[in-house]
Amino acid sequence: MKIAVATKDNWTQVTGHAGQNRHWLVFDCQPGVSLPEPERVELSKEQLPHHWKDDGPHPLHGLAGMVTASAGTGFMRHMEGWGTQVLLTGESDPKTALEKILSGEALAETRFDITTTLCKLRDLFSRH
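Per chain, residues are indexed from 1 in the order of the written sequence. Owing to the predicted nature of the model, reporting of local features is limited to residues with pLDDT of at least 70; listing and counting of side-chain atom pairs is limited to 80 or more, with chain, interface and lining totals taken over all residues. Values shown for side chains rest on all heavy atoms present in the structure; no hydrogens or waters enter the calculation.

Peer 1: So what about the overall build of the protein chain? Which residues, and what values?
Peer 2: Tallying secondary structure elements over the protein chain gives three helices and five strands in all. For helices the rule is a DSSP run of H or I covering at least 4 residues; for strands it is a run of E covering at least 2, with both sets numbered from the N terminus onward. For the protein chain, the sequential pattern of α-helices and β-strands runs β-β-β-β-α-β-α-α. The buried share among the 128 residues of the protein chain stands at 40%. Within the protein chain, contacts between residues at least 6 apart in sequence are counted, and of these 51% link residues at least 24 apart. Under the convention used here, a 1.4 Å probe and the Shrake-Rupley method define accessible areas, while residue burial counts only the protein chains that appear. Counting every atom, the protein chain has about 7,200 Å² of accessible surface; 52% of that belongs to carbon and sulfur. Three exposure classes are used, based on accessible area relative to the maximum for each residue type with a 1.4 Å probe and protein chains only: buried under 20%, partly exposed in between, and exposed over 50%. Any pair of residues with heavy atoms lying within 4.5 Å of one another is described as a contacting pair.

Peer 1: Can you tell me about the side chain of Thr-7, naming the residues and giving the values?
Peer 2: Turning to its location among the elements, Thr-7 is positioned in strand E1 (residues 2-7). Residue Thr-7 is classed as buried on the basis of its relative accessible area, which comes to 0%. Discounting chain neighbours no more than four positions away, the residues touching Thr-7 are Gln-13, Val-14, Thr-15, Asn-21, His-23, Trp-24, Leu-25 and Pro-94.

Peer 1: Would you mind going over unusual backbone geometry in detail, with residue names and values included?
Peer 2: Within the chain, Trp-11 stands out as a residue other than glycine whose phi angle is a positive 65 degrees. Among the structural elements, Trp-11 can be located in the loop between E1 and strand E2 (23-28). Phi is positive for Asp-54, close to 55 degrees, though the residue is something other than glycine. A relative accessible area of 39% means that Asp-54 is categorised as partly exposed.

Peer 1: Account for helix H1 (residues 73-81), naming residues and giving values.
Peer 2: Listed in full, the buried residues belonging to H1 are Gly-74, Phe-75, His-78 and Met-79. Taken down its axis, H1 places every buried residue within 130 degrees of arc, on the same side. Phi for Gly-83, located one or two positions after H1, is positive at around 80 degrees. Directions are taken from the helix axis to each C-beta atom, and the arc is the one they span.

Peer 1: Break down the pattern of salt bridges for me, citing the residues and quoting the values.
Peer 2: In what follows, salt bridge is the name for a side-chain nitrogen of Lys or Arg lying within 4 Å of a carboxyl oxygen of Asp or Glu. Inspection of the entire model under this criterion finds two salt bridges. For Lys-95, the salt bridge identified is with Glu-37, shortest N-O distance 3.3 Å. With Lys-95 in helix H2 (residues 94-103) and Glu-37 in the loop between E2 and strand E3 (39-42), this residue pair connects regions lying 58 residues apart in the sequence. For Lys-95, a relative accessible area of 31% translates into the label partly exposed. The class for Glu-37 is exposed, based on a relative accessible area of 65%.

Peer 1: Explain the pairing of strand E5 (residues 85-88) residue by residue, including any values.
Peer 2: Summarising the sheet, strand E4 (residues 65-68) and E5 pair through four bridges and their orientation is parallel. Counted as the bridge partner of Gly-65 is Gln-85 from E5. Handedness of the E4-H1-E5 crossover: right-handed. Strands were regarded as paired on the criterion that DSSP finds at least two bridges between them. Orienting the strands away from the viewer, one traces the path from the first strand over the helix to the second; a clockwise path indicates a right-handed crossover.

Laid out in structure tokens, this is it:
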């Protein structure tokens with residue numbers, strides 16, 4: 001099962017605003033096996049989920065889940081259409097967040113992010 005974590009451009013911290021995020025760590029998780037080293041996926045501007053027109057294959061297609069610090073409802077609906085569940089967390093370390101998910105532990109609560117509020121307003125008029 002593949003799970004992607006939205007990260008800042010240093011690949012070490014979970015970040016928000018998933019629809020505009022370029023840097024993703026993709027983990028191919030197997031039951032009973034320790035967490036593998038992730039594949040780094042850097043999206044072009046055209047590949048950003050917020051701009052993607054779903055007119056071909058995408059580097060993040062086929063994921064079981066995505067982990068991010070924030071995402072608008074339009075993004076979450078769009079990813080649901082891809083068959084991908086979006087999980088929000090206040091956890092800053094990507095591996096810690098993923099380990100909690102895989103062990104069934106509760107994720108840290110998300111922090112307030114004004115951009116999420118703005119995204120929710122924009123999502124009212126979104127094509128997603």
